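Read off the chains here:
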Amino acid sequence: MTSSTYLEGVRDQYEDYPYPLRDPNAEKTELRPTVLEFLDYLNFKCFRGEQNYSGFRALVAGGGTGDAAIFLAEQLRDRDAEIVYLDISSASRKIAQERAQVRGLDNITWIQGSILDLPEMDIGRFDYINCCGVLHHLESPVAGLMALKSVLGEKGCMGLMVYGAIGRTAIYQMQELMRLINSGEQSAQTRVDNTKTLIKDLPASNWFKISEKLTPADHINHGDAGVYDMFLHQQDRAYTVPELFEFIAQCGLEFVDFAYRSRWRYQPRTYLNNSPLMGKLEKLDARKQYAIAELVAGNIFVHSFYVSRIKDTVASLDDLDNIPFFSMVNLDCESLSREMQKNPSRHVVLSPSKNINITLPKGKYTHLIFKYLDGKRSLRKIFKKIKKESGKSGVTDIDLLSDFAPTYQSLNDADWLLLRSPSARPIKDFAQMQEPVSRRYQGA
Ligand SMILES: C[S@@+](CC[C@H](N)C(=O)[O-])C[C@H]1O[C@@H](n2cnc3c(N)ncnc32)[C@H](O)[C@@H]1O
C-alpha cells in the first residue's frame, strides 16, 4: 500500500476515529443488517433470482468497522463463499476482525490496502462488491469506481452508497464553518471538541440547527468518530440524483435500482400522493421522478443503490418457474385469503412501513393466489392448484398472470414480495442466524 493511492489525512482520521463506532461484544446478542446486503433481495434485483451463493465471492471495499463484511459472512456462513475485506485503516480492521471472532466467522479474508491498488492486487474477480460510504472520500470517485470495476466479474454487481447533496446541505455549511474556526489547529481532538462546543451554542436560526432533527444524528450516536466524519472530513463530496446517474454512466455501468426498502424515498407519490400535480409527474421519465422526489423530500442524506455490468438483472414475473416469496414480512397469507373470499369488495390495506400504505389491487383470483403462496411453490405450481380448484372454467396461465400482475407490482414496489428461482436456496432469517451465536454466550 503506497500513500499515492490513498489520502494520508483520510487514513489518519480512520486510524484515530474508526467509523462507524461498533462494540464487538454487541455481536453476542444482535446481528446488524446493512441495507445493501439482504442477499435474497440482492439475488432478486441483481442475479435474476438465480444466485445460489455457492462458490460466491464478495469484496467489501473500505470495509470500516465491519458492518457489511459481517452481515455478508453471517448469511453465507454455511455456503461455499468467500468475503474479502479491504481497508486502509488498521484500527478499523481490528474492530471488524474482533466482531468476526466473537461470531465465530472464518469465511472472511482480511486485507489492509487501498481501493486504487485493486487492479494490481491479483485477487481474482468478484460476484459482488460492496462499497458503502467510501467513494465520496476519494480524491477521484471515478478512479475509485473504475478500480472496483476492474475486479468485478462478467455478471457481477455492486452495492454502493454515496452521500446525497440535497439532504446534506446544512452539513456542508457546518463543514465550512468548522474549517474557518479550526484554521491552523493541528490537534484532531481539539477540532472535535471545538465542534461539539459550537453545536451546543448554535442559534435556532442556524441551518444545521433547523434541520438537525432530520439528520441521521451520527454526531450523537457515533461519539467523536461521528462528529469527525460529519463535520471535519478533509475529503467529502455528495451527489444529487442527476449527478449520481452521470457518475454511473461515466464508469460504463448500468443502474439497477435503489437499496432494499428505500425505493419509496425516490417516488414523488410518497410525498405528493394527493397533489393535483401527480398525474403530470407520473408521466415523467423515472430518473426525473427520482430527482423531483429528492428535491421535494429534502432529507435524502445518502444514495444506496446497485449497479451492474449488464442490463436486465431483475427476476421476472413472466418466468413461471420463479417462486414468489414474502421478504422479512410475517403475513398470514391463508387467513388473508379467507378474509378476501369472505369480503370480496372490501379493500385490503397493508402497511409495509409508517410511510407507506398499500391498498391491494385485487383480481378475480387474488384470494386463491394468497391461499397457495407459501414461499415454496413456483408460480406454475400455484396456477396449477388454482386451475384445479376452479374446475372447468378454462382459465389459463396467461389469465392468471395478468390477474396477479397488479397485486404483485404493488407488493413488489414496497419490496415485500420478491421472486427467486427454484435453484436458489433461501437465506436464513435473523433469529435462525443469531440463535447459535447467542447460545455460545448464554450464562457466560
Ligand atoms: C465512512 S467509513 C465507511 C465504512 C464502511 N464501509 C461502512 O459503511 O460502515 C469509510 C472507510 O473507507 C476507508 N477508506 C478510505 N479511503 C480508502 C481507500 N482508498 N481504500 C480503502 N479504504 C479506504 C476508511 O479507512 C474507512 O474505514
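Further up the page is the structure itself.
Described in the following lines is the structure provided in the data block. Keep in mind it's a predicted model, so treat the numbers as computed, not measured.

## Some points on the pattern of salt bridges
For the structure shown, the criterion picks out 23 salt bridges. A salt bridge links arginine 103 to glutamate 27, with the nearest nitrogen and oxygen atoms 2.6 Å apart. Residue arginine 103 is found in helix H4 (residues 90–103), and its partner glutamate 27 is found in the loop between helix H1 (8–16) and helix H2 (39–46); the two are separated by 76 residues along the sequence. Pair check on accessibility: arginine 103 and glutamate 27 agree, each one buried. Each of the salt bridges in this network shares a partner with another, and the network as a whole consists of Arg22, Glu27, Asp67, Glu74, Arg77, Arg99 and Arg103.

## Points about a positive patch on the surface
Residues Lys381, Lys384, Lys385 and Lys388 make up a contiguous surface patch of positive charge. For lysine 388, the position within the fold is in helix H17 (residues 379–389). According to the relative accessible area criterion, lysine 388 is exposed, its value standing at 73%.

## Here we look at the sheet that holds strand S4 (residues 126–132)
Spatially, S3-S2-S1-S4-S5-S7-S6 is the arrangement adopted by the seven strands of the open sheet, whose pairing is mixed. Because the sheet does not close on itself, it has two edges, and the strands there are strand S3 (108–112) and strand S6 (254–258). Averaged over neighbouring strand pairs, the angle between their axes works out to 20° when direction is ignored. Looking at chain direction, strand S1 (residues 56–61) and S4 are connected through three bridges and run parallel. Paired with leucine 59 across the two strands is isoleucine 129, which belongs to S4.

## Some points on the side chain of glutamine 75
When you line up the elements, glutamine 75 lands in helix H3 (residues 67–75). At 3.2 Å, the side chain of glutamine 75 forms a polar contact with the backbone nitrogen of leucine 39. If sequence neighbours within four positions are ignored, glutamine 75 has contacts with Glu37, Phe38, Leu39, Ile427 and Met433.

## Section: the side chain of threonine 407
As for its position among the elements, threonine 407 is in helix H18 (residues 397–413). Residue threonine 407 is classed as buried on the basis of its relative accessible area, which comes to 0%. Of the polar contacts made by the side chain of threonine 407, one reaches the backbone oxygen of proline 361; its length is 2.8 Å. With near-sequence residues (within four places) excluded, threonine 407 lies in contact with Leu360, Pro361, Gly363, Thr366 and Phe370.

## Topic: H1
Those residues of H1 lying buried are Val10, Arg11, Gln13 and Tyr14. All buried residues of H1 lie within an arc of 160° about the axis, which places them on one face of the element. The inward-facing, buried residues of H1 abut H4 and helix H10 (223–232).

## Quick word on the nonpolar core
Within soluble globular proteins, side chains that are nonpolar tend to cluster in buried spots. Residues Leu42, Ile83, Tyr128, Phe326, Phe383, Ile386 and Leu411 are the most contacted members of the largest nonpolar core, which totals 71 residues. Broken down by element, this core gets its largest block of residues, six residues, from H3. A domain split of this core shows at least three residues from each of domain 1 (3–166 + 238–308) and domain 3 (327–420). Not counting the four nearest positions on each side in its chain, isoleucine 83 is found in contact with Ala58, Val60, Ala69, Leu72, Ala73, Leu76, Asn107, Ile108 and Thr109. With 38 residues, the next largest nonpolar core counts Leu118, Val162, Phe245 and Phe305 among its residues.

## Quick look at the packing of aromatic side chains
A complete count under the given rule lists 23 aromatic pairs for this structure. With a centroid separation of 6.2 Å and 25° between ring planes, the pair formed by phenylalanine 245 and tyrosine 290 is classed as stacked. With phenylalanine 245 in helix H11 (residues 241–250) and tyrosine 290 in helix H14 (residues 286–297), this pair connects stretches of sequence that are 45 residues apart. Taking the centre distance of 6.2 Å and the plane angle of 80° together, the rings of tyrosine 266 and tyrosine 290 count as edge-to-face. Pair noted here: tyrosine 266 is in the loop between S6 and helix H12 (268–272) and tyrosine 290 is in helix H14, with a separation of 24 residues, a long-range link. Classification of tyrosine 290 as buried rests on a relative accessible area of 13%.

## Structural notes on the site of the ligand
Near the ligand you find 20 residues, and of these Pro20, Gly62, Asp87, Ile115 and Cys132 are the closest. In the environment of the ligand, a nitrogen atom lies 3.0 Å from a nitrogen or oxygen atom belonging to the backbone of isoleucine 115. Taken by itself the ligand offers 600 Å² of open surface, and the protein chains cover 94% of this. For the shell around the ligand, the residue count by class is 10 nonpolar, nine polar and one charged.

## Let's talk about the pairing of strand S5 (residues 152–163)
Counting buried positions along S5 gives 10 out of 12 residues, so the element sits mostly inside the fold. Across six bridges, the pairing between S4 and S5 is parallel. Bridge pairing in S5 places phenylalanine 126 opposite leucine 152. In this fold, the crossover linking S4 to S5 by way of helix H5 (residues 141–149) has right-handed handedness. Here seven bridges tie S5 to strand S7 (residues 302–308), and the two strands are oriented antiparallel to one another. If you follow methionine 158 over to S7, its bridge partner there is valine 307.

Reading the values: the criteria
- Residues numbered from 1 in each chain as written.
- Predicted model: local features only at pLDDT ≥ 70, side-chain atom pairs only at ≥ 80, totals over all residues.
- Heavy atoms only, no water.
- Salt bridge = Lys/Arg side-chain N within 4 Å of Asp/Glu carboxyl O.
- Helix = DSSP H or I, 4+ residues; strand = E, 2+ residues; numbered from the N terminus.
- Buried < 20%, exposed > 50% of the residue type's maximum accessible area, 1.4 Å probe, protein only.
- Patch = residues over 30% accessible without salt bridge, like charges linked within 9 Å, V, L, I, M, F, W, Y side chains within 5 Å.
- Areas by Shrake-Rupley, 256 points an atom, 1.4 Å probe, with all protein chains shown as cover.
- Lys, Arg positive; Asp, Glu negative; His and termini not counted.
- Charge placed at Lys NZ, Arg CZ, Asp CG, Glu CD.
- Pairing = 2+ DSSP bridges.
- Axes fitted to C-alpha atoms, helices over the stretch in contact; angles between N-to-C directions.
- Polar contact = N/O pair within 3.5 Å; in protein donor to acceptor, adjacent residues only side chain to side chain.
- Contact = heavy atoms within 4.5 Å.
- Arc of directions from axis to C-beta.
- Core = buried A, V, L, I, M, F, W, Y, C linked by side-chain atoms within 4.5 Å.
- Domains from an automatic or database assignment.
- Phe/Tyr/Trp six-rings, centres within 6.5 Å; stacked < 30°, edge-to-face > 60°.
- Near = heavy atom within 4 Å.
- Nonpolar A, V, L, I, M, F, W, Y, C, P; charged D, E, K, R; others polar.
- Right-handed = clockwise from strand over helix to strand, strands pointing away.

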